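Descriptive analysis of the structure
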Amino acid sequence: MKTFLILEAIVIYQVFIIGFLIMSATEIINTIKKHKRENAKKNFDSLDKF
């Protein structure tokens, strides 16, 4: 029974670690996309069309 509880604790810990990594990666990707959008808006010149 004790071994089962230890294994269960390890699995739960790993799930939290994986969730944290996925959350961090999502935040980093969203920040990069936002930065690219802001640069595109800054570099956009409406007179380039003519």
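This section reports on the structure supplied with the text. Predicted model, so just to flag it, every value in this text is computed and none were measured.

The rules behind each value
Residues numbered from 1 in each chain as written. Predicted model: local features only at pLDDT ≥ 70, side-chain atom pairs only at ≥ 80, totals over all residues. Heavy atoms only, no water. Helix = DSSP H or I, 4+ residues; strand = E, 2+ residues; numbered from the N terminus. Buried < 20%, exposed > 50% of the residue type's maximum accessible area, 1.4 Å probe, protein only. Areas by Shrake-Rupley, 256 points an atom, 1.4 Å probe, with all protein chains shown as cover. Patch = residues over 30% accessible without salt bridge, like charges linked within 9 Å, V, L, I, M, F, W, Y side chains within 5 Å. Salt bridge = Lys/Arg side-chain N within 4 Å of Asp/Glu carboxyl O. Lys, Arg positive; Asp, Glu negative; His and termini not counted. Charge placed at Lys NZ, Arg CZ, Asp CG, Glu CD.

**Considering the overall build of the protein**
- Across its full length, the protein holds one helix and zero strands.
- Split into buried and exposed, the 50 residues of the protein put 0% on the buried side.
- Accessible area of the protein: about 5,200 Å², with a carbon and sulfur share of 70%.

**Re a nonpolar patch on the surface**
- A cluster of nonpolar side chains, Tyr-13, Ile-17, Phe-20, Leu-21 and Met-23, forms an exposed patch at the surface whose accessible area comes to about 560 Å².
- Relative to the assigned elements, Met-23 resides in helix H1 (residues 2-43).

**A closer look at a positive patch on the surface**
- Judged by side-chain charge, Lys-33, Lys-34, Arg-37 and Lys-41 come together as a positively charged surface patch.
- Assignment of secondary structure puts Lys-33 in helix H1.
- Judged by relative accessible area, which is 48%, Lys-33 ranks as partly exposed.

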